[in-house]
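Architecture at a glance
The chain contents come next:
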Amino acid sequence: MSKPENNVRQDVCGSTSRQNTEAYVQILGTGMDTQETSPSVLLFFNNERFIFNAGEGLQRFCAEHKIKLSQVDHICLTRVCSETAGGLPGLLLTLAGIKNGSPESTEHVDIWGPPNLDLLVNAMKNFVPHATMVKAHIIPRSDNVMVHGNGAALASSLHAEELQAEGKFKAVSISAILLTPTDLLDGSHFSSNDTSIVYICNLHDIRGEFDPRKAKACGLKKGRKLGQLQNGISVKSDLLDIEVHPDDVIGPPIPGPIVLIVDCPTEPHAQELLSAQALNAYYSDSQSNSPETTKVVNCIIHLSPATVVSSPVYERWMRKFDSAQHIMARTTREHETTPILESSARIATRLHYLCPQLFPAPSLLSVQNDGVAAPNFKVQVEGSISKVCGISAENLLKFTLRPPRRLGLDRSSVQNQMTSSVFIKELLSEIPEIADAAKNMSTFWHKPKEDEAELFTRQDSEVMTGDPSLAGHAAPRCMKNVQRDDLEIVFLGTGSSIPSKYRNVSSIYFNLFSKGGLLLDCGEGTLAQLKRRYGINGADSAVRNLKCIWISHIHADHHAGLARILALRRDLLKGVPHEPMLVIGPEQVGEFLKDYKKLEDLDMLFLDCRSTTVAKWDDMEADSMNDESRDHTVLTSLSEDSSLLRCSKRMKPSTPVDDIKLLKRFKKVLSEAGLVRFISFPVVHCPEAFGIILESAERMNCGTVVPGWKVVYSGDTRPCSEVIEASLGATILIHEATFEDGLLEEAITRNHSTIKEAIEVGRSAGAYRIILTHFSQRYPKVPALDEVSIQRTCIAFDLMSVNLADLPVLPKLLPYLKLLFRTRELI
């Protein structure tokens, strides 16, 4: 029995099912609205899923739109930087949980990327415990380099490197072409944007249809032989003296669709793309190609910036494809008002309707049009003019690849237009009495002047007994005639563990207005949340004017957004005289940043949290005293007086000299921000976990000295004496409250606090206001609170903005929040 002469590569399904197998490419975020930092792309082939780029916000997007990430086998990066991989650490941690990743597990996720991918993977090992489930595949650039006769290195991209992994790529072959501008191939250091990758995704061919008439003409009867022919095996004719080959009865194979994923961050990369010889076989205008050998590209996803896409070089490259559908993932779409996270936007809009003073209107609009829209190119084809179909991407836009009859664009998953007015109409329909509730709330901001005096009378019982637990009802003196440009606390993320469609992970922005701002924790999506709160320009201003960033502990939900914020600040201040950003955090965060800086310059300096404890600040002050006393007279006195020697030895700082220098510099930064205390203190959570105390300077009010405010943030912790001591007399205690009271055992196991425990810490310390945050993602609404607990307590929501002047009103908010979330089931 001879083999068929034409051995066609077969798909894994039968002929009929192959025709109907679903395969598509889908846009996961366009990267051009206020919520996203970079677009990602999903390719779905049979049961294999590929994610191209994993920017921040990917998990929230997928949670919102019910896109399961549990089956992701491959993550392909076009570049390695915070823009394209900012969401990768959180995604890997989530996949580790889904796949039950452990050091003993054999399951892993394949990550593909350019040569600097190993730097990112190495940096992530500082806080991704399931490192064994990550298998990094470095796509080499050695094959892409030729040496010119004069010795100069030239990029030629002669070959495409095929991605290979055992047991994978059953329905598709994927190849990669590396693009590196020619002038960088001289042995110099490569930055994150120097090398980018073009991915070529080619579905396997579908075997042709079986033709019963041809089988009959070849003398074949119904039976086993027909099945053998369909499986590619030649057979002997039943009625004729001939051998029948599969080609005799089966039509020609249907070529597999081809998709290109293209990311050119700069015009030099576009020039490199134009000269990449590995793409010649895909060009319809190539003279060396015949119609039989040309590989027809069906769809091209352009991740390149709009400025590059509209450049003459890039346009020239696009003209080489006369039938491909071009989808521009980063070009501006005018009049876009639909939020990418509809569930989050709905809650934010409802909260704004109820209480605009605490919940400013969320920024739903996309960035204003920069004049670079999706191009509409014309291509010369055999003397006639035809148009290349270039369109702007929309969130969830699909390009169907299989079945063949449905090949092309599919907008069935694209969101319907949703605006704030739609959300409010829904709200009033569901809860008609919310309109009166909103009017009642507005009266809280218009109290008569005579009522103000009562707010600043401390209870005699507190003064007489010294019991701080009796405080909290009367406003502290720091709020006397307080101005609204003193302090505003913006909760950028109030959830725990992983980003969800309702609550982002931990981050708090302290807006000091003209004096700058601070970030306490910086979970993934912090930048996107700043954009939602302040808009594009406002977020840029906030990042530009940050004084420092403080990280409580090593868990990724508290710092995975750090690189993106630092990278943006670096870019915003490029060419402007400025000091590097000071990042304060536990030692492990410093190790991560040290490794990550090998990949991408973040223009920052690191200071260990332990160097900002009370003891270390005392060391710094002692060092300053020593500096002032180091003249000849004092040195002589020290040599003659043994008691002074003992004092000098006692004052000798134990803090490293470099940290003392940073502390002295930081003290000046704090002074410019109007702060007199910035103290980290240990808490009970994981090794090297900290809370923080912030205190502002005194101010003059009508000739009287008014004390500054004091805000304490617990970070993640069990209730502990350290937090109580730090919070004594605090104006605000921001305390984690991960679990409701019925889950005390789980809270103890995971070193978190319940709501009741957090409130008790604040009550024991006499904190004026207690704001609860870091809720388990199982609580998208208002967690259960009794009436006693709400006397000084408030529940934080994402984008909630608490001005110092609004503190007296906070406890009055909770009953109205319960009304707001009374009926709607959040799904």
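The name an unreviewed UniProt entry assigns to the protein is tRNAse Z TRZ4, mitochondrial isoform X6, from the organism Nicotiana tabacum.

Moving on: the overall build of the protein. A count of helices and strands for the protein gives 27 helices and 36 strands. For the protein, buried positions account for 57% of its 827 residues. A separation threshold of at least 6 residues defines the contact pool for the protein, and within that pool the share at least 24 residues apart is 69%.

All right, on to the pattern of salt bridges then. By the definition in use, this model includes 31 salt bridges. A salt bridge links Glu-433 to Arg-822, with the nearest nitrogen and oxygen atoms 2.6 Å apart. Of the two residues, Glu-433 sits in the loop between α13 (420-430) and α14 (434-442) while Arg-822 sits in the segment after α27 (814-820), which places them 389 residues apart along the sequence. Look at Glu-433 and you get partly exposed, because its relative accessible area is 32%. Under the relative-accessibility criterion, Arg-822 is labelled partly exposed at 44%.

Right, let's get into the pairing of strand β16 (residues 325-328). Burial along β16 is two-sided: Gln-325 and Ile-327 and His-326 and Met-328, pointing in opposite directions, are all buried. Bridging between strand β15 (residues 299-302) and β16 involves four bridges; their strand directions are parallel. From the neighbouring strand, His-302 faces β16, where its bridge partner is Met-328. Here β16 pairs with strand β19 (residues 390-392) via three bridges, running parallel. Residue pairing for β19: Ile-327 is matched across the bridge by Ile-391.

Time to look at the sheet that holds β16. In space, the seven strands of this open sheet follow the order β9-β10-β11-β14-β15-β16-β19, with mixed pairing throughout. Edge positions in the open sheet fall to β9 (161-162) and β19, since each of these has one partner strand only. Pairing of strand β10 (residues 172-179) with strand β11 (residues 196-203), which is carried by eight bridges, proceeds in the antiparallel orientation. Its bridge partner lying in β11, Ile-177 is registered against Val-198.

With that out of the way, let us pick up the packing of helix α12 (residues 342-354) against α13. Close contact between α12 and α13 brings their axes to 9 Å; oriented N to C, the two are set at 65°. Between α12 and α13, the angle is such that the two are roughly perpendicular. The handedness of the crossing between α12 and α13 is right-handed. Here Glu-342, Ala-345, Arg-346, Thr-349, Arg-350 and Tyr-353 of α12 lie close against α13, whose contacting residues are Ser-420, Phe-423, Ile-424, Glu-426, Leu-427, Leu-428 and Glu-430. Of the residues contributing to the contact of α12 with α13, the split by class is six nonpolar, two polar and five charged.

A word on the environment of Asp-486. Turning to its location among the elements, Asp-486 is positioned in the loop between α16 (460-465) and β22 (488-493). On the basis of relative accessibility, which here comes to 22%, the residue Asp-486 falls in the partly exposed class. Each C-alpha atom of the pair Asp-486 and Leu-804 lies 7.2 Å from the other, and the pair is 318 residues apart in sequence. Within the local environment of Asp-486, its side chain forms a polar contact with the side chain of Trp-709, the two groups lying 3.3 Å apart.

So, about the pairing of strand β2 (residues 40-45). Judged by how many residues are buried, β2 sits mostly within the fold: six of six residues are covered. In β2, alternate side chains face the same way, and those of Ser-40, Leu-42 and Phe-44 on one face and Val-41, Leu-43 and Phe-45 on the other are all buried. Judged from the six bridges that link them, strand β1 (residues 23-28) and β2 form a sheet pairing that is antiparallel. In the strand pairing of β2, Gln-26 is matched with Leu-42.

Turning our eyes to something else, we now look at the environment of Ser-40. With respect to the helices, strands and loops of the structure, Ser-40 is situated in strand β2. Classification of Ser-40 as buried rests on a relative accessible area of 2%. The sequence separation of Ser-40 and Leu-303 amounts to 263 residues, and the corresponding C-alpha distance is 8.6 Å. Of note is the side chain of Ser-40, whose polar atom sits 3.0 Å from the backbone oxygen of Asn-53.

Our focus in this paragraph is the sheet that holds strand β21 (residues 408-410). On the basis of which strands lie adjacent, the open sheet formed by eight strands has the order β6-β5-β4-β3-β2-β1-β20-β21 and mixed pairing. The strands lining the two open edges of the sheet, one partner per strand, are β6 (134-138) and β21. Across the sheet, the mean angle separating the axes of adjacent strands is 25° when strand polarity is ignored. Strand direction decides the pairing type here: strand β20 (residues 398-402) and β21, joined by three bridges, are antiparallel. In the sheet register, Thr-400 faces β21, and the bridge partner there is Gly-408. Taken strand by strand, helix α5 (residues 117-124) contacts β5 (109-113) and β6, and its axis lies near 160° from that of β6.

Next up on the list: empty space enclosed by the protein. Scanning all chains against the criterion turns up ten cavities of 30 Å³ or more. As a volume, the largest cavity reaches approximately 140 Å³. In the lining of the largest cavity, the residues fall into ten nonpolar, three polar and two charged.

Another aspect to go through is α13. Among all positions in α13, only Phe-423, Ile-424 and Leu-427 are buried. Down the axis of α13, the buried set is contained in an arc of 95°. They therefore lie on one face. The outward face of α13, more than 90 degrees from its buried face, is lined by the exposed residues Ser-421, Lys-425 and Ser-429. Check the buried side of α13 and you find it contacts α12, α14 and α27.

Side chains of Leu-239, Leu-240 and Ile-242 sit close together on the surface and give an oily, nonpolar patch of about 260 Å² of accessible area. Checked against the element boundaries, Leu-239 lands in the loop between β12 (235-236) and β13 (243-244). In this structure Leu-239 comes out as exposed when scored by relative accessible area, which is 58%.

For the rest of this paragraph, the subject is the packing of aromatic side chains. Going through the model one piece at a time under the given rule, you end up with 16 aromatic pairs. Pairing Trp-112 with Phe-169 gives two aromatic rings, centres 6.0 Å apart and planes at 65°, and the pair type is edge-to-face. Placement of Trp-112 in strand β5 and of Phe-169 in the loop between β9 and β10 is noted, with a sequence separation of 57 residues between them. The rings of Tyr-283, Tyr-314, Trp-317 and Phe-321 are connected pair by pair, giving a single aromatic cluster. The side chain of Lys-320 reaches across the aromatic face of Tyr-283, ending 4.8 Å from its centre.

To continue, consider unusual backbone geometry. Looking along the chain, the bond that leaves Arg-402 and enters Pro-403 is cis, with omega of 0°. In this fold, Pro-403 is placed in the loop between β20 and β21. Positioned with a positive phi, Phe-513 is a non-glycine residue whose angle comes to about 60°. Tracing the backbone shows Phe-513 in the loop between β23 (507-511) and β24 (517-522). With a relative accessible area of 30%, Phe-513 lands in the partly exposed category. One non-glycine residue with positive phi stands out, namely His-774, at about 60°. You can see His-774 is positioned in the loop between β34 (769-773) and β35 (793-795).

Reading the values: rules and limits
Residues numbered from 1 in each chain as written. Predicted model: local features only at pLDDT ≥ 70, side-chain atom pairs only at ≥ 80, totals over all residues. Heavy atoms only, no water. Helix = DSSP H or I, 4+ residues; strand = E, 2+ residues; numbered from the N terminus. Buried < 20%, exposed > 50% of the residue type's maximum accessible area, 1.4 Å probe, protein only. Contact = heavy atoms within 4.5 Å. Salt bridge = Lys/Arg side-chain N within 4 Å of Asp/Glu carboxyl O. Pairing = 2+ DSSP bridges. Axes fitted to C-alpha atoms, helices over the stretch in contact; angles between N-to-C directions. Parallel < 35°, antiparallel > 145°, perpendicular 65-115°, else oblique. Left-handed = near helix turned anticlockwise from the far one by under 90°. Nonpolar A, V, L, I, M, F, W, Y, C, P; charged D, E, K, R; others polar. Polar contact = N/O pair within 3.5 Å; in protein donor to acceptor, adjacent residues only side chain to side chain. 1 Å grid on protein atoms, 1.4 Å probe; cavity = no way out; pocket = protein on both sides within 12 Å on 5 of 7 lines; lining within 4 Å. Points joined across faces, edges and corners; volume = space filled by probe spheres on them. Arc of directions from axis to C-beta. Patch = residues over 30% accessible without salt bridge, like charges linked within 9 Å, V, L, I, M, F, W, Y side chains within 5 Å. Areas by Shrake-Rupley, 256 points an atom, 1.4 Å probe, with all protein chains shown as cover. Phe/Tyr/Trp six-rings, centres within 6.5 Å; stacked < 30°, edge-to-face > 60°. Lys NZ or Arg CZ within 6 Å of the ring centre and 35° of its normal.

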